[in-house]
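Below are the chains, spelled out letter by letter.
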Amino acid sequence: MKVTVTAAMIVRDERQFITGCLDSLIGVVDNIVVVDTGSVDETRDLCRAKGIEPIQYKWGGDFAAARNYALSAVRTDWTLYIDADERLVVPKHGLPYAQMADVNNVALTVNFRAKVNSTTFHEIRLFRNTEAIRFQGRIHESIHPDIHNLLRVGKNRMEHTDLGIDHFGYEGDITHKHKRNLPLLEKAVVDDPDRVYLRYALGEALLGLGRESEGVAELKAAVKLSRKFSDSPKQLVDGIAASVMLVRHYLRSDPRMALKAIEEARALHADLPVLRYLHARCMFEAKGSGYDPDRIIDGLNRLISEDASSYSHPLIAFSQEYFRSLPWSLKGAVYAREKDFKRAAEAFQMASDLDPSAEEHRIKAAYFTMAAAKADA
C-alpha cells in the first residue's frame, strides 16, 4: 500500500506567497491542510481557487497551538510541515516513499534554504502522523523534543532525504516581523529559558528594532548559555549563530571585540566557512599584531575554492557570498593595503562580477585600476 502524506500549514495574510506554495504541493502530496489564523486579505480566496477550503482558527498568540490544530486535521500516514512563504522542491523521482515506508523511520529531514542565495541545512519537515509528535513553544515552535524522545525508543531513527524547501519570507525589510515577534519572544524566553535559539532570536529582533544594547546583551546570553550544552549540537550551533551576529555587530563599532568573539567561536567550530571568513575579516579590521596578510589571503583562497552551491551543513546555513564575492572583496582590501593595486583591482572586479548588485565592488575595481596604471607610469 502506498504511503500517504499531507502538507500542513498555518497562514495569515499570505496573498503574496500562498499560490506559489500551493502550486509546489498540488499533485505531489495527497492532501493539503491550511489553517487560517485570521487573514484579512485574499489568502482564503486564493486557497479556494486552488480547491482548498481553509480551516478557521482563532489566533491566541501561540504558534505551537495553531500548528497542533493543523496536525489534528491530518488523516494520512505522514505530515509535511511547511509555511506559505516556502516552496517544496522535489527531485525527479518524487517523494521519498521508500524511506517513509520504513517502519523504523519516525522523521525525515530536507535540505532547507532559509534565504535566497543561502546554503542549506538539514531541517526536520516530514514526520509520522502520531499524537506523540506535537509542536512546543509559543514562537519558533519546534517538534524536535517529541521526535528526539521517540528516537530514544527501540529501533526508531531519522534519515535525511533529497527533498528541498526554499524559504522566501525573510527577504527585504523585515521590521514588521521583528515587531510581531518581539512580545512573543520575550514571553518565550521566560517559558523556556534554556533554549539558546530563543535568546538568539530575541537578540536579533532587538537589534533589528534599533535597541542595540539590549540586543547585544541577549546575544551574549545566548553564546554563554550554549556553552552549557556541550552534548547538544543544536544548542551549540545556535550559540554559533548568535556569535556570528555579535561579530558582525562589533565589526561596525569595535573590531578588537569582534576578533575576540570570533576566536572564541572558532574554538568550537573552526571549520565553518562563515567563521573562517569572519576571522579573516576581523584580523584585517583589528590590524595590530593579529594582522597577517599572507595568512588572510591563504584562508580566503581556500574559501573561494569551495563549491558554495553544493555546501550543506546538518544544522546551520549562511549566505553563499561567504564563498564568493565577500572573500574576493576582502582580498582586494588586503592587496590595496599592501599597495598591490593591480591585484586589488582584479579582486574587486571578480567580486563585482559575482555580485553585480554591490556597486562598491565596481567602484573600487575602477579606482584601483587607475591607481595601478598611475603606479606603473
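Up top you'll find the structure we're talking about.
Just so we're clear, the structure is a prediction, and the values are computed from it rather than from any experiment.

The next point concerns the overall build of the protein. A count of helices and strands for the protein gives 15 helices and nine strands. Computed over the C-alpha atoms, the radius of gyration of the protein is 23 Å, within 12% of the 21 Å expected from 2.2 N^0.38 for a compact globule of 377 residues. Expressed along its principal axes, the backbone C-alpha trace of the protein runs to roughly 75 × 45 × 40 Å. Sorting the 377 residues of the protein into buried and exposed places 50% on the buried side. Long-range pairs, those at least 24 residues apart, make up 66% of the contacts in the protein with a sequence separation of at least 6. Of the roughly 18200 Å² of accessible surface on the protein, 51% is carried by carbon and sulfur atoms. Across the protein, the 51 positively charged side chains and the 53 negatively charged ones have centroids separated by 2 Å.

On to the pattern of salt bridges, then. Under the definition given, this model contains 24 salt bridges. The partner of Arg125 in a salt bridge is Glu86, with the nearest N and O atoms 2.8 Å apart. In this pair, Arg125 is assigned in strand 7 (residues 120–128) and Glu86 in strand 5 (residues 86–89), connecting sequence segments 39 residues apart. Considered together, Arg125 and Glu86 belong to a single accessibility category, that of buried residues. Note that Arg362 and Glu359 form a salt bridge whose closest N and O atoms lie 2.8 Å from each other. With Arg362 and Glu359 both in helix 15 (residues 359–376) and three residues apart, the pair spans about one turn of that helix.

Core analysis: the biggest nonpolar cluster contains 54 residues, and Val247, Val274, Leu275, Leu278 and Ile296 have the highest contact counts within it. Top element by residues in this core is helix 9 (residues 233–253). It accounts for ten residues. Core analysis: the next-biggest nonpolar cluster, separate from the first, contains 28 residues, Val11, Cys47, Leu95 and Val110 among them.

A word on the environment of Arg44. With respect to the element layout, Arg44 can be found in helix 2 (residues 43–49). Using a relative accessible area of 26% as the deciding quantity, one classes Arg44 as partly exposed. Separated by 29 residues in sequence, Arg44 and Arg15 place their C-alpha atoms 8.5 Å apart. Ignoring any residue separated from it by four or fewer positions in sequence, one finds Arg44 in contact with Asp36, Ser39, Pro54 and Gln56. A polar atom in the side chain of Arg44 sits 2.9 Å from the side chain of Gln56.

With twelve residues, helix 10 (residues 255–266) extends 16 Å between its outermost C-alpha atoms, agreeing within 8% with the 16 Å of an ideal straight helix rising 1.5 Å per residue. Among the residues of helix 10, Ala258, Leu259, Ala261, Ile262 and Ala265 are the ones counted as buried. Summarising the axial view, the buried residues of helix 10 lie within an arc of 170°, below the 170-degree limit, and thus occupy one face.

Across the interface, helix 9 lies against helix 10 with an axial gap of 7 Å and an inter-helix angle of 160°. In terms of orientation, helix 9 lies roughly antiparallel with respect to helix 10. Our pair here, helix 9 against helix 10, has a crossing hand that is left-handed. Mapping the contact onto sequence places Ile240, Ser243, Val247, Tyr250, Leu251 and Ser253 in helix 9 and Pro255, Met257, Ala258, Ala261, Ile262 and Ala265 in helix 10. Of the residues assigned to the contact of helix 9 with helix 10, the class counts are ten nonpolar, two polar and no charged.

Compared with an ideal rise of 1.5 Å per residue, which puts twelve residues at 16 Å, helix 12 (residues 293–304) spans 16 Å between its outermost C-alpha atoms and is within 8% of the ideal. All of the buried residues in helix 12 are Pro293, Ile296, Ile297, Gly299, Leu300 and Leu303. In a view along the axis of helix 12, the buried residues occupy a sector of 165°, so they form one face of it. Here the buried face of helix 12 lies against helix 11 (273–286) and helix 13 (325–337).

Below, the discussion takes up the packing of helix 6 (residues 175–191) against helix 7 (residues 196–208). For the pair helix 6 and helix 7, interaxial distance at closest approach is 9 Å and the crossing angle is 145°. The two elements helix 6 and helix 7 meet at a crossing, and its hand is left-handed. Together, His178, Leu182, Leu185, Glu186, Ala188 and Val189 of helix 6 and Leu198, Arg199, Ala201, Leu202, Glu204, Ala205, Leu206 and Gly208 of helix 7 make up the contact between the two elements. Per-class residue counts for the contact of helix 6 with helix 7 are nine nonpolar, two polar and three charged.

Take the environment of Asp146 next. Position of Asp146 among the secondary structure elements: in helix 5 (residues 144–151). Judged by relative accessible area, which is 14%, Asp146 ranks as buried. Taking the C-alpha atoms as reference, Asp146 lies 9.8 Å from Glu131; in sequence the two are 15 residues apart. The residues touching Asp146, leaving out its near neighbours within four places in the chain, are Ala132, Ile133, Arg134 and Gln136.

Quick notes on the rules
Residues numbered from 1 in each chain as written. Predicted model: local features only at pLDDT ≥ 70, side-chain atom pairs only at ≥ 80, totals over all residues. Heavy atoms only, no water. Helix = DSSP H or I, 4+ residues; strand = E, 2+ residues; numbered from the N terminus. Rg over C-alpha atoms; globule rule 2.2 N^0.38 Å. Buried < 20%, exposed > 50% of the residue type's maximum accessible area, 1.4 Å probe, protein only. Contact = heavy atoms within 4.5 Å. Areas by Shrake-Rupley, 256 points an atom, 1.4 Å probe, with all protein chains shown as cover. Lys, Arg positive; Asp, Glu negative; His and termini not counted. Charge placed at Lys NZ, Arg CZ, Asp CG, Glu CD. Salt bridge = Lys/Arg side-chain N within 4 Å of Asp/Glu carboxyl O. Core = buried A, V, L, I, M, F, W, Y, C linked by side-chain atoms within 4.5 Å. Polar contact = N/O pair within 3.5 Å; in protein donor to acceptor, adjacent residues only side chain to side chain. Expected span 1.5 Å × (residues − 1). Arc of directions from axis to C-beta. Axes fitted to C-alpha atoms, helices over the stretch in contact; angles between N-to-C directions. Parallel < 35°, antiparallel > 145°, perpendicular 65-115°, else oblique. Left-handed = near helix turned anticlockwise from the far one by under 90°. Nonpolar A, V, L, I, M, F, W, Y, C, P; charged D, E, K, R; others polar.

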